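Analysis of the macromolecular model
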Amino acid sequence: MAVLTPEEVEKLLTLIHDETNESQPFENFLAHVAAQFPKSYNYRIGVCMYSLLYHSIIRAPSQRLLALTLLIEMYRGEPFLNNPFSNFIIGICQSDGIRKINIPPNLKLTDSEKYFLSHLIVTSQVKEMLKKTPGYIINSEFGPMADISHVQRLLEDRLDDRFLVSRNHISCLVAEPTSSSCNSTDDFKDLKAAARDIMTDPEPPSLQTYRPGPIRLVPPLPTGSENMMWLELDELKNHDFAYDFTMCMPNSNCIEAKKLINKALKGTLSLQQQQYLLGELERDPKLVYHIDLTPAKLPDLVESNPLIAIEVLLKLMRSTHITEYFSVLVNMEMSLHSMEVVNRLTTTVDLPTEFVHLYISNCISTCETIKDRYMQSRLVRLVCVFLQSLIRNKIINVQELFIEVQAFCIEFSRIREAAALFRLLKQLELGSSDNCNVTVPRS
């Protein structure tokens, strides 16, 4: 675990024992710490603060309040649950009756301190709170603390190993009564020496606990008809241990599949390579989660190897991230291969309607904005055939896209496939499956 050096511990301890802190705003102290340590040191500083608080190196009320404020404000801007010391902070703000972690006597806060810390956690008026001084908070009386019950519920199942140990075992430490302040130079030297010892100890004393043995049921005594068999150590010589030598060994099939996927992102695989990869995906459906195919890489796979892309997406249908793959697919640049993949998926599985509609809108928009007349005509033909397939197979409800598709057909009515799609729309609008003599607008 990354910790501060003895020199850095002494520097931090000097900052927090500054006698002027009690009469200066909290924001001044936080600015001094930020000036002395880079932001990347936040976790190391937090570990040091926790250890010094736990071992009563920091014990004066104003110093204690500054240290706890620092633990909260170092991670300001992130959700409080992401603060690695959130369990500890919430625990000391709780009352004795509901607290689920053990804390030393010096960490039992007053109502004023709980009021201040709880408002730092759950309210938005943080800047106003930090303009106050530790002395003002300690010597003033406030109303009830802010409601942090919702944060407590979210943290109940997230106690780390340190708190689990302290909750299930008995600490080997007994706190020694100490004075509430240290004003003499000798006392401060002793505190610095103790802080250095704590932070350089490979096994912190706070984790040393007395662990009583578990209570076990007494086994029943054997009856006269049962024969007791004793296991002699010499008998083990005649037996071999069963060991799985493939355990923790790399999966050669997975490695080969990953190589083929990386190759498929850059170019078309040979028929033999495609068959091998499809066979491995069919044999092991969970293999798709180990080939490093992120949503961002999907467009390259679709353009180079659409058949592989189809099979991969079918295997990912139960993934919690499938919507990310769909989102990338429908927003990628329209092409014959992307339409092939979407068409195959729509006929195989039930795609979310919003994704299909979004892809159709994307196709229409692409046809309307392309400048090359030849390429435009080619893409319009592809889109019209694609839409007719979706409509005839009843994959989409054309009424939801009727106005947009009809305008598309009118704009490109010079193209035969667009005229055919327009007639199909009119047949559906009139509720007739027979051929109707409908006049198609011509540009």
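Residues numbered from 1 in each chain as written. Predicted model: local features only at pLDDT ≥ 70, side-chain atom pairs only at ≥ 80, totals over all residues. Heavy atoms only, no water.

Per an unreviewed UniProt entry, the protein carries the name CCR4-NOT transcription complex subunit 11 and comes from Nesidiocoris tenuis. Annotation of the protein in UniProt includes, under Sequence similarities (unreviewed entry), the sentence "Belongs to the CNOT11 family." (UniProt positions renumbered as here; feature names shortened; annotations may be inferred.)

1. Structural notes on the pattern of salt bridges
Tallied over the entire structure, the rule returns nine salt bridges. Lys258 is paired through a salt bridge with Asp292; the nearest N and O atoms lie 3.6 Å apart. Here Lys258, found in helix H12 (residues 252-264), pairs with Asp292, found in the loop between helix H13 (271-283) and helix H14 (298-304); they are 34 residues apart in sequence, far enough to count as distant. Among the residues examined, Asp292 registers a relative accessible area of 44% and is labelled partly exposed. With a closest N to O distance of 3.5 Å, Arg381 and Glu417 form a salt bridge. Taken as a pair, Arg381 in helix H19 (residues 373-392) and Glu417 in helix H21 (residues 416-430) lie far apart in primary sequence, 36 residues in all. Its relative accessible area of 16% is what places Glu417 among the buried residues. Overlapping salt bridges bring together Glu282, Glu311 and Lys315 as one network. (Salt bridge = Lys/Arg side-chain N within 4 Å of Asp/Glu carboxyl O. Helix = DSSP H or I, 4+ residues; strand = E, 2+ residues; numbered from the N terminus. Buried < 20%, exposed > 50% of the residue type's maximum accessible area, 1.4 Å probe, protein only.)

2. Concerning the packing of aromatic side chains
The final tally for this structure, using the stated rule, is nine aromatic pairs. Between Phe37 and Tyr41 the ring centres are 6.3 Å apart and the planes differ by 35°, which places this aromatic pair in the tilted class. Since its relative accessible area comes to 5%, Phe37 is described here as buried. Each member of the aromatic cluster is reached from another via a ring pair, and the members are Tyr115, Tyr136 and Phe142. (Phe/Tyr/Trp six-rings, centres within 6.5 Å; stacked < 30°, edge-to-face > 60°.)

3. Quick word on the packing of helix H3 (residues 42-54) against helix H4 (residues 61-73)
Two elements in contact, H3 and H4, have axes whose closest approach is 10 Å; the angle formed by their N-to-C orientations is 150°. When the axis of H3 is compared with that of H4, the two are roughly antiparallel. Crossing hand, H3 versus H4: left-handed. Where H3 abuts H4, its residues Ile45, Gly46, Met49 and Leu53 lie against Arg64, Ala67, Leu68, Leu70 and Leu71. Split by residue class, the contact of H3 with H4 holds seven nonpolar, one polar and one charged. (Axes fitted to C-alpha atoms, helices over the stretch in contact; angles between N-to-C directions. Parallel < 35°, antiparallel > 145°, perpendicular 65-115°, else oblique. Left-handed = near helix turned anticlockwise from the far one by under 90°. Contact = heavy atoms within 4.5 Å. Nonpolar A, V, L, I, M, F, W, Y, C, P; charged D, E, K, R; others polar.)

4. As for the nonpolar core
Counting residues in each nonpolar core, the largest one holds 64 residues, and the members touching the most others are Leu329 and Ile360. Broken down by element, the residue count for this core peaks at eight residues, all from H19. Those residues in contact with Ile360, other than ones at most four positions away along the chain, are Phe386, Leu387, Leu390, Ile396 and Leu401. By size, the runner-up hydrophobic cluster in this structure holds 55 residues, among which are Leu4, Tyr75, Cys93 and Leu191. (Core = buried A, V, L, I, M, F, W, Y, C linked by side-chain atoms within 4.5 Å.)

5. Side note on the packing of H4 against helix H5 (residues 86-93)
At their nearest, the axes of H4 and H5 sit 10 Å apart, and the two run at 135° to each other. Judged on the interaxial angle alone, H5 and H4 are oblique. In the crossing of H4 with H5, the sense of the turn from one axis to the other is left-handed. For the pair H4 and H5, the contacting residues are Leu68, Leu71 and Ile72 in the first and Phe88, Ile89 and Ile92 in the second. Grouping the constituent residues of the contact of H4 with H5 by class yields six nonpolar, no polar and no charged.

6. Focus on H19
Side chains three or four residues apart in an α-helix point the same way, a direct result of the helix having 3.6 residues per turn. Between its first and last C-alpha atoms H19 spans 29 Å; for 20 residues at 1.5 Å apiece the expected length is 28 Å, and the two agree. The complete set of buried residues in H19 reads Gln376, Ser377, Leu379, Val380, Val383, Cys384, Phe386, Leu387, Gln388, Leu390 and Ile391. Where the residues of H19 are buried, they touch helix H17 (336-348), helix H18 (353-369), helix H20 (402-411) and H21. The N-capping residue of H19, defined by a side-chain oxygen 3.0 Å from the backbone nitrogen of Tyr374, is Asp372. Looking one or two residues past H19, Lys394 carries a phi angle of roughly 55°, positive in sign. (Expected span 1.5 Å × (residues − 1). Polar contact = N/O pair within 3.5 Å; in protein donor to acceptor, adjacent residues only side chain to side chain.)

7. A closer look at the environment of Tyr43
Position of Tyr43 among the secondary structure elements: in helix H3. Considering only alpha carbons, one finds Tyr43 and Pro84, 41 residues apart in sequence, at a separation of 8.0 Å.

8. Focus: the confidence of the model for the protein
Per-residue pLDDT for the protein averages 77, and the proportion of residues at 70 or more is 76%. Low pLDDT, under 50, characterises residues 160-167; the predicted model gives this stretch 14 contacts beyond four residues in sequence or across chains. (pLDDT = per-residue confidence, 0-100.)

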